[in-house]
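What follows is each chain in one-letter form.
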Amino acid sequence: MPKISIKGQEMPESPIRKLVPFAEAAVKKGRKIYQLNIGQPDIKTPQAALDAVRNHNIEVLSYSHSAGFDTYREKLSGYYQKTALPVEKEDIIITTGGSEALLFAMGSITDPGDEVIIPEPFYANYNGFATASGVKIRPIQASIEDGFALPPISEFEKLITEKTKAILICNPGNPTGYLYTREEVKQLADLALKHDLFIVSDEVYREFAYEGAQHHSIMSIPELSENAIMIDSVSKRYSMCGARIGCLVSKNKEVIATAMKFAQARLSPPTFAQIASEAALDTPQEYFDEVIEQYTYRRNLLVDGLEKIEGVRVAKPKGAFYCIAELPIEDADDFARWLLESFEDNNETVMVAPAAGFYSTPNTGKNQVRIAYVLKKENLERSINILDKALKEYKSLN
Ligand SMILES: Cc1ncc(COP(=O)(O)O)c(C=O)c1O
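Residues numbered from 1 in each chain as written. Predicted model: local features only at pLDDT ≥ 70, side-chain atom pairs only at ≥ 80, totals over all residues. Heavy atoms only, no water.

### Considerations on the site of the ligand
As a matter of local geometry, the ligand sits amid 13 residues, with Gly 98, Ser 99, Asp 202, Tyr 205 and Ser 233 nearest to it. Between the ligand and Tyr 205 there is a distance of 2.6 Å, counted from an oxygen atom to a side-chain nitrogen or oxygen. The contact in question runs from an oxygen atom of the ligand to an N or O atom on the side chain of Ser 233, over 2.5 Å. For the ligand, the protein covers 94% of the area, taking 390 Å² as the surface of the free molecule. Looking at the shell around the ligand residue by residue, the class counts come to 4 nonpolar, 6 polar and 3 charged. (Near = heavy atom within 4 Å. Polar contact = N/O pair within 3.5 Å; in protein donor to acceptor, adjacent residues only side chain to side chain. Areas by Shrake-Rupley, 256 points an atom, 1.4 Å probe, with all protein chains shown as cover. Nonpolar A, V, L, I, M, F, W, Y, C, P; charged D, E, K, R; others polar.)

This is the structure we're talking about:
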């Protein structure tokens, strides 16, 4: 049989999806599962986006421009300018989700063997994108004790070699929920300028900042115009994960010209989804106010509930809709699987994402899970209750 590539063999499985076969088996047994493991919001997509697709009478579903619709890029630049970011249409390439933007970014700024520094825990698919690009991730551990704040800049300095091409951050963070302060973003910017590095800032949760906290975009620092690449997406902002629309943003003309070659190779982003995404830009502020209120409520409910369970420690998220919880167990992989295979309370159980897959340092985060608070109040309350009971039962067995 012809051989699979080494790269293919090294491609990591998604830690979020690898439990799916166990969940499917549990569902077959008639079990109800509360999914705390995946960031699929239950929030309704804005009506304007759905109507725009419904009311369109396209006769030929053609390719669009490789950079995306001109009208959409123009309107999207207006969205960024409203938050005082100096983004012009020419600085934007529309992509098939933030995922493709991350791939284009890695492809444009790294060669095989290059290194990218990322504070961990980080969005697990960064591992996959790095493997696909032949890039080595150099992780820096952030800690639950200080809510996963930016590790000291001196720690970054220690890892910088001639192979280092970029620092990748996720702001607000998945899985940590941490929102970088102005000072932290500034410190990273100074570091990037000092060592002539790119900063790739994944801001797909940029709208989700709680208690009036302000999000500080990498694009807000004028000195970084040649170094900054922002990744964005409609997936979470408008609860449009299935649209598969995101974008890569940079003031660096060479980055845009290079990413455009990747964009041309895949021809164009999806047409109907761009129509929906362009219309979504008209979503009124009240939509976001309600969504933020809803997530703030859920976050408080979850964190308060988790903190009441003996032995559980949680870093209160300031943004996005995830948190990392440390559990009184040794192996979250085993616990998460046991929850699906062997535990039930009234024929119900919960699904969580073991956090080890969000670290690239081996044997780290083994007693942690990532929880997404994307369920409505009753379901979230019930999930906490199930988790509490499950932890007690699991402890008595081990
Ligand atoms: C931090 C982060 N970046 C990027 C993505 C990719 O999102 P999409 O490809 O749906 O835009 C996700 C999805 O969950 C994410 O959490």
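### Remarks on the packing of aromatic side chains
For the structure on display, the rule yields 19 aromatic pairs. Ring centres of Phe 335 and Tyr 394 lie 4.9 Å apart, and the angle between their planes is 70 degrees; this geometry places the pair in the edge-to-face category. Within this pair, whereas Phe 335 is found in helix α12 (residues 332-341), its partner Tyr 394 is found in helix α13 (residues 377-397), the two being separated by 59 residues in sequence. The residues Phe 335 and Tyr 394 share a single accessibility class, namely buried. Feature note: the residues Tyr 205, Phe 208, Tyr 295, Phe 321, Tyr 322 and Tyr 373 constitute an aromatic cluster, connected by ring pairs. Stacked on the ring of Tyr 295, the Lys or Arg Arg 298 has its end atom at 5.4 Å from the ring centre. (Phe/Tyr/Trp six-rings, centres within 6.5 Å; stacked < 30°, edge-to-face > 60°. Helix = DSSP H or I, 4+ residues; strand = E, 2+ residues; numbered from the N terminus. Buried < 20%, exposed > 50% of the residue type's maximum accessible area, 1.4 Å probe, protein only. Lys NZ or Arg CZ within 6 Å of the ring centre and 35° of its normal.)

### Let's talk about the sheet that holds strand β13 (residues 368-372)
Across the sheet, which stays open at both edges, the 4 strands sit in the order β9-β10-β13-β12 with antiparallel pairing between neighbours. A strand with exactly one partner marks an edge of an open sheet, and here the two such strands are β9 (313-314) and β12 (353-354). Summarising the sheet, β12 and β13 pair through 2 bridges and their orientation is antiparallel. By the bridge assignment for β13, Pro 354 is matched with Val 369. (Pairing = 2+ DSSP bridges.)

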